[in-house]
Amino acid sequence: MRWHAYAHNRRQTIAMGEAMKKNDSAPLKVGWIGTGRMGAAMAERLAKAGVDLAVWNRTIAKAAPLKEYGAQVSESIVGLRDRDVVFTMVATSDDLERVLLGEGGLIAADEPRPAIVVDCSTISTDASETLRRECAGYGVAFLAAPVSGNGKVVRAGALSIVASGPAETYATVAPLLGHISPSVTYVGEGDTARLVKIAHNLLLGIVTQSLAEITVLAEKGGVSRSAFLTFLNNSVMGSVFTRYKAPSFINLDYTPTFTPILLRKDFDLGLAAARRLGVPMPVTAITAQLVQASVGSGRVDEDFAILLDLQAAASGVTLKPENVFVDDGLGAADEGSRP
């Protein structure tokens, strides 16, 4: 068993060394799996930066627009196996396992294989640890690099990335991450980046529910949502996020950036981590039930900002769009997906 582990580590070290040598002498060849609203926006930034990029998506038509920026579109994941580094951006841990290890997957086959996989999805720490071990068994280094933002945030140049894994792996891909985001935080070895991202999304849900409650309170007291949120956003309690969410709350535009289903998944992951670590989270637990109520409403294809509607209904308030221009603080960037 010890020799088996040593052999795997040795292959991974050799692969990493080759990737780093190439990074010193020639541009890395990069692959990208998953071009939904979020993945497409991130891959677009790599392509615009002149990165040698090949992309794959289950629905090929969603990847096709990236050709405009110089990316190649692969008809299969197999076509990405000769890349030095491959990024993944998928919805669940099952999806990630499928694209990496399933039939026709990225690494569970004969060589060539990429030296590094960089996963930007939001999955549990346990799932990430399992997939990290699987990748190591094939001599592939694995970096967890979940993100905070959505497609519009990416295009506005305001995305944040948190990364964890081997320091040498991070050093190799840091320039690529820098093309995607101006804010990249390395938090150490292993899969600690997953916990950071899940904790972030718990706060996202709690803040949104709190924002819904106080906004409905103000409206029922006779204050327009636009007036209240303008005051809030210009006060010390305002934030980039409350400003960004204000147009949805004021004009009731629930075009999805992040759905209740995805938010519920993150609350499930966060509360599971809290139980494992022995951390009481009463406010998070209550918010999780309200997120579940939003899922139970059946409006699962809209933005999670529908928490405002549910709060209004519980308060006997009928909301109407105010139809006013609201600056979201992100400029004229295109709309995207996933916080």
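Higher on the page you've got the structure.
All values reported here derive from a predicted model rather than from experimental measurement. Residue numbering note: each chain is counted from 1, following its sequence as written. The model is predicted, so local features are restricted to residues of pLDDT at least 70 and side-chain atom pairs to those at 80 or more, both for listing and for counting; the totals for chains, interfaces and linings are taken over all residues. To get the side-chain values, all heavy atoms of the structure are used, and hydrogens and water are removed first.

It is at 9 Å that the axes of helix H11 (residues 260-277) and helix H12 (residues 282-296) come closest, and there the two elements cross at 150°. One element, H11, and the other, H12, form an angle in the roughly antiparallel class. The chirality of how H11 crosses H12 is left-handed. Facing H11, whose interface residues are Pro260, Ile261, Leu263, Arg264, Phe267 and Leu271, H12 presents Thr284, Ala285, Thr287, Ala288, Val291, Gln292, Ser294 and Val295. Fitting a line to C-alpha atoms yields each axis, with helices limited to the stretch in contact; the angle taken between N-to-C directions then spans 0 to 180 degrees. Counting from the N terminus, the helices are the DSSP runs of H or I reaching at least four residues and the strands are the DSSP runs of E reaching at least two. Working definition: roughly parallel below 35 degrees, roughly antiparallel above 145 degrees, roughly perpendicular at 65 to 115 degrees, and oblique for all remaining angles. Left-handed is the label given to a crossing in which the near helix is rotated counterclockwise from the far helix by less than a right angle, and right-handed is the label when the rotation is clockwise. Any two residues having at least one pair of non-hydrogen atoms within 4.5 Å are treated as being in contact.

Let us now look at helix H2 (residues 37-48). A helix's residues, less one, multiplied by 1.5 Å, set its expected span. With 12 residues, H2 extends 17 Å from end C-alpha to end C-alpha; this agrees with the ideal 16 Å at 1.5 Å per step. The cut-offs for exposure are 20% and 50% of the maximum accessible area for each residue type, with area from a 1.4 Å probe on protein chains only; residues under the lower value are buried, those over the upper are exposed, and the others partly exposed. Burial runs high along H2: nine of the 12 residues are buried. For H2, the full list of buried residues reads Met38, Gly39, Ala40, Ala41, Met42, Ala43, Glu44, Leu46 and Ala47. Along its buried surface, H2 packs onto strand E1 (29-33), strand E2 (52-56), strand E4 (85-88), strand E7 (147-148), helix H6 (151-155) and helix H7 (167-180). Remark: glycine 50 follows H2 within two positions and exhibits a positive phi of approximately 85°.

Our next topic: the sheet that holds E4. The parallel open sheet is built from six strands, whose spatial order is E3-E2-E1-E4-E5-E6. Edge positions in the sheet fall to strand E3 (72-73) and strand E6 (141-144), since each of these pairs with one other strand and no more. Direction of pairing for E4 relative to strand E5 (residues 116-119): parallel, over a ladder of four bridges. By the bridge assignment, phenylalanine 87 is partnered in E5 with valine 118. Any two strands with at least two DSSP bridges between them are considered paired.

With that settled, consider the pattern of salt bridges. Salt bridge, as used here, is a side-chain nitrogen of Lys or Arg placed within 4 Å of a carboxyl oxygen of Asp or Glu. A full pass over the atoms with the stated rule returns 16 salt bridges. A salt bridge links aspartate 82 to lysine 29, with the shortest nitrogen-to-oxygen separation between them at 3.4 Å. Residue aspartate 82 is located in the loop between E3 and E4, and its partner lysine 29 is located in strand E1; the two are separated by 53 residues in the primary sequence. Judged by relative accessible area, which is 40%, aspartate 82 ranks as partly exposed. Salt bridges linked by common partners bring Lys29, Asp52, Asp82 and Arg83 together as one network.

A few words now on the packing of aromatic side chains. Ring pairs are drawn from Phe, Tyr and Trp, using the six-membered ring of Trp, whenever the two centres fall within 6.5 Å, and their geometry is named by plane angle: stacked under 30 degrees, edge-to-face over 60, tilted for the rest. Enumeration according to the criterion identifies three aromatic pairs in this entry. With centroids separated by 4.7 Å and ring planes inclined at 20°, the aromatic side chains of tyrosine 170 and tyrosine 186 adopt a geometry described as stacked. Here tyrosine 170, found in helix H7, pairs with tyrosine 186, found in strand E9 (residues 183-186); they are 16 residues apart in sequence, far enough to count as distant. Judged by centre distance (5.8 Å) and plane angle (80°), the rings of phenylalanine 258 and phenylalanine 304 are edge-to-face. Linking phenylalanine 258 in the loop between helix H10 (240-251) and H11 with phenylalanine 304 in the loop between H12 and helix H13 (307-314), this pair joins segments that are 46 residues apart in sequence. For the pair phenylalanine 258 and phenylalanine 304, a shared accessibility class is recorded, and that class is buried.

So, on to the nonpolar core. Within this scheme, the nonpolar core is defined by two criteria: the residues are buried Ala, Val, Leu, Ile, Met, Phe, Trp, Tyr or Cys, and they are joined through side-chain atoms within 4.5 Å. Grouped together as the largest cluster of nonpolar side chains are 35 residues, with contacts concentrated most on Trp32, Met42, Leu46, Leu53, Phe87, Val118 and Leu177. Where this core is concerned, the elements lending two or more residues are E1, H2, E2, E4, E5, E6, strand E8 (160-163) and H7. Ranked by residues supplied to this core, first place goes to H2 with six residues. Leucine 177 has contacts with Phe87, Val118, Leu143, Ala145, Ile161, Tyr170 and Val184, leaving out every residue within four places of it along the chain.

Right, let's get into a nonpolar patch on the surface. A patch consists of residues whose relative accessible area exceeds 30% and which take part in no salt bridge; residues with like charges are grouped when within 9 Å of each other, and nonpolar side chains (Val, Leu, Ile, Met, Phe, Trp, Tyr) when within 5 Å. For accessible areas, the Shrake-Rupley method is used with a probe of radius 1.4 Å. Any residue's cover is judged against the shown protein chains and nothing else. Taken together, the side chains of Leu195, Leu277 and Val279 present a nonpolar region at the surface, about 250 Å² in accessible area. Since its relative accessible area comes to 37%, leucine 195 is described here as partly exposed.

Okay, unusual backbone geometry next. Here the amide bond leading from glutamate 111 into proline 112 is cis, since omega sits at 10°, within 30 degrees of zero. Looking at the secondary structure, you find proline 112 in the loop between helix H4 (93-101) and E5. The phi dihedral of asparagine 323 is positive, around 50°, even though this residue is not glycine. Within the secondary structure, asparagine 323 sits in the segment after H13. According to the relative accessible area criterion, asparagine 323 is exposed, its value standing at 66%.

Below, the discussion takes up the pairing of E4. With burial as the criterion, each face of E4 is covered, one bearing Val85 and Phe87 and the other bearing Val86 and Thr88. Taken together, the four bridges between E1 and E4 define a ladder with parallel strand orientation. Directly across from isoleucine 33, in E4, lies its bridge partner threonine 88. The handedness rule is simple: strands pointing away from the viewer, and a clockwise path from the first strand over the helix to the second, make the crossover right-handed. In this fold, the crossover linking E4 to E5 by way of H4 has right-handed handedness.

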